[in-house]
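# Structure assessment
Each chain, written out:
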Amino acid sequence: QKEVEQDPGPLSVPEGAIVSLNCTYSNSAFQYFMWYRQYSRKGPELLMYTYSSGNKEDGRFTAQVDKSSKYISLFIRDSQPSDSATYLCAMSRNAGGTSYGKLTFGQGTILTVHP
Amino acid sequence: NAGVTQTPKFRVLKTGQSMTLLCAQDMNHEYMYWYRQDPGMGLRLIHYSVGEGTTAKGEVPDGYNVSRLKKQNFLLGLESAAPSQTSVYFCASSYRGTHNEQFFGPGTRLTVL
């Protein structure tokens, strides 16, 4: 069983829809949770970052972490065609230390927002 | 400030050939990483380095070697390429001791025939 599971989709939604992307994980030691966005034929770039449980909002994007359920989510409101990309969840145990900044990634969800 | 750069962008190899992928970063990052990305598999860590002169194995290190002779460069070598190494390779770097944001390069698309 993978440490981090992510529904690969693909997910296709109309412009303006609310999108929900999710990951589950098995390692309770994970404390830092991230969402990366990857456009076609590009490298991933950090979209959202959260520490421990809770919500974080940035414009149309909201990241949620529920450590008790080992479940994280990314919500996109008023989705736009420019949001079409692969979204990767990532997590780590601690900052630096023996984890040396290593991240464990989900498989990625391919999202298409059509006009 | 170029961030993380990778060369080459594309490469086609025949089985058994060798090659080196170069990653360079100009952000003075301590940590550097090599990943491969395959459909449905996400990003898998091949090797990583926590500083100049250091390297360590990641999740899928077999068939690859790395070197970090200079802080800004991280090389990934394939000694004898196999079709199973056909993939997109990404390099990333991060600050030491921060919240682990990794900055990625644009990737190298490698095909082994």
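First, a word on scope: everything that follows refers to the structure included in this document.

Calculation notes
- Residues numbered from 1 in each chain as written.
- Chains lettered and ligands numbered in written order.
- Predicted model: local features only at pLDDT ≥ 70, side-chain atom pairs only at ≥ 80, totals over all residues.
- Heavy atoms only, no water.
- Helix = DSSP H or I, 4+ residues; strand = E, 2+ residues; numbered from the N terminus.
- Rg over C-alpha atoms; globule rule 2.2 N^0.38 Å.
- Buried < 20%, exposed > 50% of the residue type's maximum accessible area, 1.4 Å probe, protein only.
- Contact = heavy atoms within 4.5 Å.
- Areas by Shrake-Rupley, 256 points an atom, 1.4 Å probe, with all protein chains shown as cover.
- Lys, Arg positive; Asp, Glu negative; His and termini not counted.
- Charge placed at Lys NZ, Arg CZ, Asp CG, Glu CD.
- Phe/Tyr/Trp six-rings, centres within 6.5 Å; stacked < 30°, edge-to-face > 60°.
- Buried area = accessible area lost by both parts, 1.4 Å probe.
- Salt bridge = Lys/Arg side-chain N within 4 Å of Asp/Glu carboxyl O.
- Polar contact = N/O pair within 3.5 Å; in protein donor to acceptor, adjacent residues only side chain to side chain.
- Nonpolar A, V, L, I, M, F, W, Y, C, P; charged D, E, K, R; others polar.
- Disulfide = S-S within 2.5 Å.
- Core = buried A, V, L, I, M, F, W, Y, C linked by side-chain atoms within 4.5 Å.
- Pairing = 2+ DSSP bridges.

Moving on to the overall build of chain B. Across its full length, chain B carries zero helices and eleven strands. Helices (α) and strands (β) of chain B occur, in sequence order from the N terminus, as β-β-β-β-β-β-β-β-β-β-β. Its C-alpha radius of gyration of 13 Å places chain B within 12% of the 13 Å reference for a compact globule of 113 residues. A total of 113 residues make up chain B; the buried ones form 48% of that total. Taking the contacts inside chain B whose residues are at least 6 apart along the sequence as the reference set, 55% of them involve residues at least 24 apart. Counting every atom, chain B has about 5200 Å² of accessible surface; 52% of that belongs to carbon and sulfur. Between the averaged position of the 11 positive side-chain charges in chain B and that of its 8 negative side-chain charges there is a distance of 6 Å.

For the rest of this paragraph, the subject is the environment of S40(A). Residue and element names in this part refer to chain A. Counting through the fold element by element, S40 comes out in the loop between β4 (32-38) and β5 (45-51). The exposure class assigned to S40 is exposed, which follows from its relative accessible area of 63%. As a C-alpha pair, S40 and S84 span 44 residues in sequence and 9.0 Å in three-dimensional space.

One pass over the full model with this rule turns up eleven aromatic pairs over all chains. Here the aromatic rings of Y36(A) and F105(A) are separated by 5.7 Å at their centres, their planes lie at 55°, and the arrangement is tilted. Taken together, the positions of Y36(A) in strand β4 and F105(A) in strand β10 (residues 104-105) put the pair 69 residues apart, joining distant regions of the chain. Given the relative accessible area of 0%, Y36(A) is considered buried. Ring pairing ties together the aromatic residues Y36(A), F105(A), Y33(B), Y35(B) and F104(B), which thus form one cluster.

A separate point is the interface of chain A and chain B. With 23 residues of chain A at the contact, the number on the chain B side is 23 residues. For the pair chain A and chain B, the two sides together bury roughly 1900 Å², of which 58% comes from carbon and sulfur. Here chain A and chain B share zero salt bridges between them. Linking chain A with chain B are three residue pairs in polar contact (both at pLDDT 80 or more). Listed by contribution, the elements that provide at least two residues to the side of chain A that touches chain B are β4, β5 and β9 (85-92) of chain A. Of the residues forming the side of chain A that touches chain B, the biggest block, four residues, is contributed by β4(A). A class-by-class count of the residues in the side of chain A that touches chain B yields eleven nonpolar, eight polar and four charged.

For the rest of this paragraph, the subject is the state of the cysteines. Linking two cysteines covalently through their sulfur atoms gives a disulfide. Residues and elements named next belong to chain A. Under the counting rule described, the total for this entry stands at two disulfides over all chains. Covalently, C23 is tied to C89 through a disulfide, its sulfur atoms 2.0 Å apart. Taking the sign of the S-S torsion, about -100° here, the bridge from C23 to C89 comes out left-handed. One end of the pair, C23, is in strand β3 (residues 19-25); the other, C89, is in strand β9, with 66 residues separating them in the sequence. Here C23 and C89 have matching classes, each one buried.

Time to look at the nonpolar core. Of all hydrophobic cores here, the largest spans 24 residues; its most connected members are W35(A), I72(A), L74(A), Y87(A) and M91(A). When residues of this core are traced back to their parent elements, those giving at least two are β3, β4, β5, β7 (61-66), β8 (71-76), β9 and β11 (109-114) of chain A. If sequence neighbours within four positions are ignored, M91(A) has contacts with V4(A), Y25(A), F30(A), Y32(A), F33(A), I72(A), K102(A), L103(A) and T104(A). L21(B), Y64(B), V66(B) and Y89(B) belong to the second largest nonpolar core, which has 19 residues in total.

Residue and element names in this part refer to chain A. As paired strands, strand β6 (residues 54-58) and β7 are joined by five bridges and run antiparallel to one another. Its bridge partner being in β7, E57 is matched across the sheet by T62. The pairing of β7 with β8 spans six bridges and is antiparallel. Residue Q64 lies in a different strand from β8, and its bridge partner there is S73. The hairpin turn running from β7 into β8, its antiparallel successor, is four residues long, and K70 in that turn takes a positive phi close to 55°.

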